[in-house]
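# Analysis of the macromolecular model
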Amino acid sequence: MTLDVPVIETDRLILRAPRLSDHPAFCAYFAEPRSKWNGGPLGPREVEGMITSAAGSWALRGYGLWFVTLKDDETAIGFAGIFHPYDWPEPELGYGIAAEHEGKGIAFEAAMAARKAAKHHLNLNALPSFIAPDNTRSQALALRMGAVREPDITLRDKTATVYRHPKTEVL
């Protein structure tokens with residue numbers, strides 16, 4: 001089965017469909033304690049579930065997370081796109097980048113590309129990002145992207161800060 005996932009290119013990145021071959025890269029990502037912001041740490045079996053869930057979202061909802069690679073390397077270094085579990089109040093713009101790629105503007109570039117593509121390809125606009133109250137790096141990224149803080153909500157018995165991204169105009 002081939003997923004109908006738009007491939008998005010930026011100056012340095014490719015955002016593409018999930019692949020089972022991404023398993024080793026995401027096992028490394030989700031083995032880190034900092035993966036707690038994205039549901040980790042996870043073992044290999046749970047990582048496989050995350051990858052198949054990401055692919056399933058595209059197949060069943062028509063949107064989902066893009067897996068992010070550098071243009072010169074097919075190894076996944078993170079994700080950006082639309083995350084929408086059944087118990088979320090609405091789809092959200094989510095993102096995560098491996099620690100060794102932080103501080104280089106890659107998360108910003110990937111998240112901005114995903115936000116623009118969500119509007120252009122999927123007609124999803126003014127999305128929120130639901131961020132843990134102590135995830136200051138992600139909150140700073142949302143603010144850098146022009147998102148505005150909204151009242152906190154509860155997701156799965158945890159408080160989430162809400163940052164609403166501005167409406168995107170696509171030319």
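Now for a look at the structure at hand.

What counts, and where the lines are drawn
- Residues numbered from 1 in each chain as written.
- Predicted model: local features only at pLDDT ≥ 70, side-chain atom pairs only at ≥ 80, totals over all residues.
- Heavy atoms only, no water.
- Core = buried A, V, L, I, M, F, W, Y, C linked by side-chain atoms within 4.5 Å.
- Buried < 20%, exposed > 50% of the residue type's maximum accessible area, 1.4 Å probe, protein only.
- Helix = DSSP H or I, 4+ residues; strand = E, 2+ residues; numbered from the N terminus.
- Contact = heavy atoms within 4.5 Å.
- Pairing = 2+ DSSP bridges.

Once that is clear, we can look at the nonpolar core. Judged by nonpolar contacts, the single largest core of 31 residues is most densely connected at Leu15, Trp66 and Leu122. Mapped by element, the contributors of at least two residues to this core are β2 (13–16), β3 (65–70), β4 (76–83), β5 (92–97), α3 (106–122) and α4 (136–144). Ranked by the residues each element gives to this core, the list is headed by α3, at eight residues. With residues up to four places along the chain from it excluded, the contact list for Leu122 reads Trp58, Gly62, Tyr63, Trp66, Ile82 and Ala117. In terms of nonpolar packing, the next biggest core, distinct from the first, is built from 13 residues, Tyr29, Ile51, Phe67 and Ala76 among them.

Turning our eyes to something else, we now look at the sheet that holds β3. Read from one edge to the other, the open sheet built from five strands follows the order β1-β2-β3-β4-β5, with strand pairing classed as antiparallel. Because the sheet does not close on itself, it has two edges, and the strands there are β1 (8–9) and β5. Across two bridges, β1 lies against β2 in antiparallel orientation. The residue bridging Glu9 from the neighbouring strand is Ile14, located in β2.

These figures capture arrangement, not role.
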